[in-house]
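Examining the three-dimensional arrangement
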Amino acid sequence: MTDRREVFRRYLRKAAPAVLARFPEELRPEIYALSFRIWRIDYDERHPYVAIGYNTESQYELEKRHGDLGEARWHYACWLLDGFEMLGNVPEDPAGAPLYVEEVKELGLWFDGDRDDEEGDRDADEEGDVEAKRDLLGLHFADACIDLARHLHESGEIERLFGRRLPVVVFDMDCPEWEIEATEAANPPELIEEFLAWQRAAEEG
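Here is a short report on the structure shown in this document. Source: prediction; values computed, not measured.

A sheet is described by the order of its strands in space; here 4 strands give the open sequence β3-β2-β1-β4, paired in mixed fashion. Each of the sheet's edge strands pairs with one partner strand only, and the pair in question is β3 (85-88) and β4 (168-172). Along the sheet, successive strands turn relative to each other by an average axial angle of 25°, direction set aside. As paired elements, strand β1 (residues 31-40) and β4 share 5 bridges and run parallel to each other. Note on β4: the bridge partner recorded for L34 is V168.

Here you go:
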């Protein structure tokens, strides 16, 4: 029997390789890391997405002129961020959006009404329940993205598409420094040694 709670995760595993395959051929030789940028529409945890992208040696060369070589190479603020395909509960992903909604409803995480309840229709208990669901929705989507990165490594899809293994940096701009934990969980250790070395140096500095 199909576990309805895993439908969206399986969808990501199927859809992501096609996204990677559409990266420009001329840029493939200089891509040194993939990026999973997690965000949400209007800060609504019911509408998350992951923008699947990359950074290039050319972008690094542009950014390293500003001083910190490690930051230029590994901090997402210095990376290419715009124009990448998105997977999740967004209009840009008409196949994945209904699967995501179905899954989180099956898990009991969905809530109705405005995100911020501007009209004050919820009592304290209801608001507490919604807050808990917001947190769980965020964790659920983050886990799905980390699982996706692991799958792309374990299945060999990244190496098949790019001719080499590449690290996947997972980050959410609303969660500063979480990218360390997320990226460590998403990758084989040997692929992120340089990333972690820079992070450790930045913390000590």
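There is more to say, and it comes next.
Next up on the list: the packing of aromatic side chains. Taken as a whole and assessed by the stated rule, the structure comprises 13 aromatic pairs. The interplanar angle of 65° and the centroid separation of 4.7 Å between the aromatic rings of F23 and Y54 together place this pair among those described as edge-to-face. Residue F23 is located in the loop between α1 (7-21) and β1, and its partner Y54 is located in strand β2 (residues 48-56); the two are separated by 31 residues in the primary sequence. For F23, a relative accessible area of 6% gives the class buried. Aromatic side chains W39 and Y43 sit 5.4 Å apart centroid to centroid with 70° between the ring planes, which places their arrangement in the edge-to-face category. Through a chain of ring-to-ring contacts, the aromatic side chains of F8, Y11, Y100 and F141 assemble into a single cluster. The aromatic ring of F162 is capped on one face by R28, whose charged end is 5.1 Å from the ring centroid.

This next bit is on the packing of helix α7 (residues 178-186) against helix α8 (residues 193-204). Put simply, α7 and α8 touch, their axes get as near as 11 Å, and they point 155° apart. Judged by the angle between their axes, α7 and α8 are roughly antiparallel. Judged by the sense of rotation from one axis to the other, the crossing of α7 with α8 is left-handed. Contact residues: E179, I180, T183 and E184 in α7; F195, L196, Q199 and E203 in α8. Among the residues forming the contact of α7 with α8, the class breakdown is 3 nonpolar, 2 polar and 3 charged.

How each quantity is defined
- Residues numbered from 1 in each chain as written.
- Predicted model: local features only at pLDDT ≥ 70, side-chain atom pairs only at ≥ 80, totals over all residues.
- Heavy atoms only, no water.
- Pairing = 2+ DSSP bridges.
- Helix = DSSP H or I, 4+ residues; strand = E, 2+ residues; numbered from the N terminus.
- Axes fitted to C-alpha atoms, helices over the stretch in contact; angles between N-to-C directions.
- Phe/Tyr/Trp six-rings, centres within 6.5 Å; stacked < 30°, edge-to-face > 60°.
- Buried < 20%, exposed > 50% of the residue type's maximum accessible area, 1.4 Å probe, protein only.
- Lys NZ or Arg CZ within 6 Å of the ring centre and 35° of its normal.
- Parallel < 35°, antiparallel > 145°, perpendicular 65-115°, else oblique.
- Left-handed = near helix turned anticlockwise from the far one by under 90°.
- Contact = heavy atoms within 4.5 Å.
- Nonpolar A, V, L, I, M, F, W, Y, C, P; charged D, E, K, R; others polar.

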